Amino acid sequence: MRERNHLAMDRDHERVLQTIRERDVRFVRLWFTDVLGILKSVAIAPAELESAFTEGIGFDGSSIEGLTRVFEADMLLKPDPKTFQILPWHAATQATARMICDILTPDGQPCLADPRHVLKRAQAKAQDVGFTFYTHPEIEFYLFKNKPGQALEPADSAGYFDHSARGSAHDFRRATILMLEDMGISVEFSHHEAGPGQNEIDLHYADALTMADQIMTFRTVVKEVALSSGVYATFMPKPMAQHPGSGMHTHLSLFEGDRNAFFDPAGENQLSNTARQFIAGILRHAGEMCAITNQFTNSYKRLWGGAEAPAYVCWGHNNRSALVRVPLFKQGKADAARIEFRALDSAANPYLAYAVLLAAGLKGIEEGYSLPDGAEDDVWTLTDAERRALGIEPLPTSLSSAVRAMEDSEFLADVLGEHVYSYVLREKRQEWLEYRTQVTPWELDRFLPIL
């Protein structure tokens, strides 16, 4: 098995080197992600690529958020040849390619602080019990006419599914989708969302690691198309108080080989016991995971700002007020059985978010968690007493409360690893401290005239 893997890897390396020669690629960008989900890159000459494949490219890990400490600064970037793509926005000049990298220690071992490794580790645990984890995200974002630091002016005034003759949003989405397809990323749907200047593009399902790589690429493509279109794109969870936030509702499924483990023709709504236990795991650990799935102070403006954002821990069949929704699907169509997690931000680190969601679901399966009754009502319209009677708990209401929930979580410490777990807690405590000392425009408008 190990020999076959090496042969396949050698073929991938040769394919990349041959493409570089044929396309006259002059620069290769090595992409990687820090713990907070911010994309980083370094450019190397094609002549250095064989060495990068075999030995890695050294860099100062202490300068990257959360990776390592100063006295253990030397780290290596190891490019994954399967992620090789020509960058289409450089095609008109000198060809530039990119590969996504794993981060290694100087002795060639995986860096425990690498978010990609955290997801790989979670996927390996799923594979050990026979599962492959697939995800399908619906990614929302805003387009503004102006850059940060100025009064926000949406790029258009359209609304949900609006079709405007010669609308700029149509052109933007078309250009984005064409560029994504040039990079091997398949798109299922695209449309205008509910907010002015807000758009959604849905990616075709893939295994979680491939999808996390694609999401990082997606964000870069959207930003590049925005720059060339004279607008500014943002994945900020809630940029405007009076309009909906931007989420990344993600459909999740487990497969055992070619069989969808969430499908059971004899189950209620054809949902298997495995799927029910997976949902139960996500619900039980939802509060602990919030500092990962919704990691910014602004995230809680979206969750608690209405407009279909989930704020309560419950599930339901085709219930868009629930945290976990079980969509309707064609009867007997096994591959369509899935669940939808609705809390995830478009700005989340996809590697860490998918790792904790997978781990929570697997925990539910391993421990045989029991799924509570599904919510049939609009959860937002219930009173607090009614929700308590139904056993429906709220998600954390702020980053501060999310951090407190994470502090008590042995589950999160195990999934993330001690290094990532400790760094996220430290960083998010500091973010909350800086946020809570700010004097906001709302406070000035409210109190300055009367006090």
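Residues numbered from 1 in each chain as written. Predicted model: local features only at pLDDT ≥ 70, side-chain atom pairs only at ≥ 80, totals over all residues. Heavy atoms only, no water.

**Topic: a negative patch on the surface**
Taken together, the side chains of Asp 373, Glu 376, Asp 377, Asp 378 and Glu 386 define an acidic patch exposed on the protein surface. Within the secondary structure layout, Asp 373 lies in the loop between α8 (350-367) and α9 (384-389). With a relative accessible area of 75%, Asp 373 lands in the exposed category. (Patch = residues over 30% accessible without salt bridge, like charges linked within 9 Å, V, L, I, M, F, W, Y side chains within 5 Å. Areas by Shrake-Rupley, 256 points an atom, 1.4 Å probe, with all protein chains shown as cover. Salt bridge = Lys/Arg side-chain N within 4 Å of Asp/Glu carboxyl O. Lys, Arg positive; Asp, Glu negative; His and termini not counted. Charge placed at Lys NZ, Arg CZ, Asp CG, Glu CD. Helix = DSSP H or I, 4+ residues; strand = E, 2+ residues; numbered from the N terminus. Buried < 20%, exposed > 50% of the residue type's maximum accessible area, 1.4 Å probe, protein only.)

**A word on the nonpolar core**
Counting residues in hydrophobic clusters, the biggest one holds 123 residues, and the most contacted among them are Leu 49, Leu 254, Phe 278, Ile 282, Tyr 354 and Leu 416. Of the residues forming this core, the biggest block, 12 residues, is contributed by α8. Non-local contacts of Ile 282, meaning those with residues more than four positions away in its chain, are made with Leu 252, Met 289, Val 324, Ile 339, Phe 341, Leu 357, Ala 360 and Gly 361. Among the nonpolar cores identified, the runner-up in size contains 7 residues, and Ala 311, Tyr 312, Val 379 and Ile 392 belong to it. (Core = buried A, V, L, I, M, F, W, Y, C linked by side-chain atoms within 4.5 Å. Contact = heavy atoms within 4.5 Å.)

**Remarks on helix α12 (residues 418-436)**
With 19 residues, α12 should reach 27 Å at 1.5 Å per residue; the first-to-last C-alpha distance of 27 Å fits that figure. Buried within α12 are the following residues: Val 420, Tyr 421, Tyr 423, Val 424, Leu 425, Lys 428 and Glu 431. The elements touched by buried residues of α12 are α3 (115-128), α6 (273-293), α8, α10 (399-407) and α11 (410-416). (Expected span 1.5 Å × (residues − 1).)

**Describing the packing of α3 against α8**
As a packed pair, α3 and α8 sit with axes 8 Å apart at the nearest point and diverge in direction by 25°. The angle between the axes of α3 and α8 places the two elements in the roughly parallel class. Note on packing geometry: the crossing formed by α3 with α8 is left-handed. The segment α3 lies against α8, with Pro 115, Arg 116, Val 118, Leu 119, Ala 122, Gln 123, Lys 125 and Ala 126 engaging Tyr 351, Leu 352, Tyr 354, Ala 355, Leu 358 and Leu 362. Of the residues belonging to the contact of α3 with α8, the class tally is 11 nonpolar, 1 polar and 2 charged. (Axes fitted to C-alpha atoms, helices over the stretch in contact; angles between N-to-C directions. Parallel < 35°, antiparallel > 145°, perpendicular 65-115°, else oblique. Left-handed = near helix turned anticlockwise from the far one by under 90°. Nonpolar A, V, L, I, M, F, W, Y, C, P; charged D, E, K, R; others polar.)

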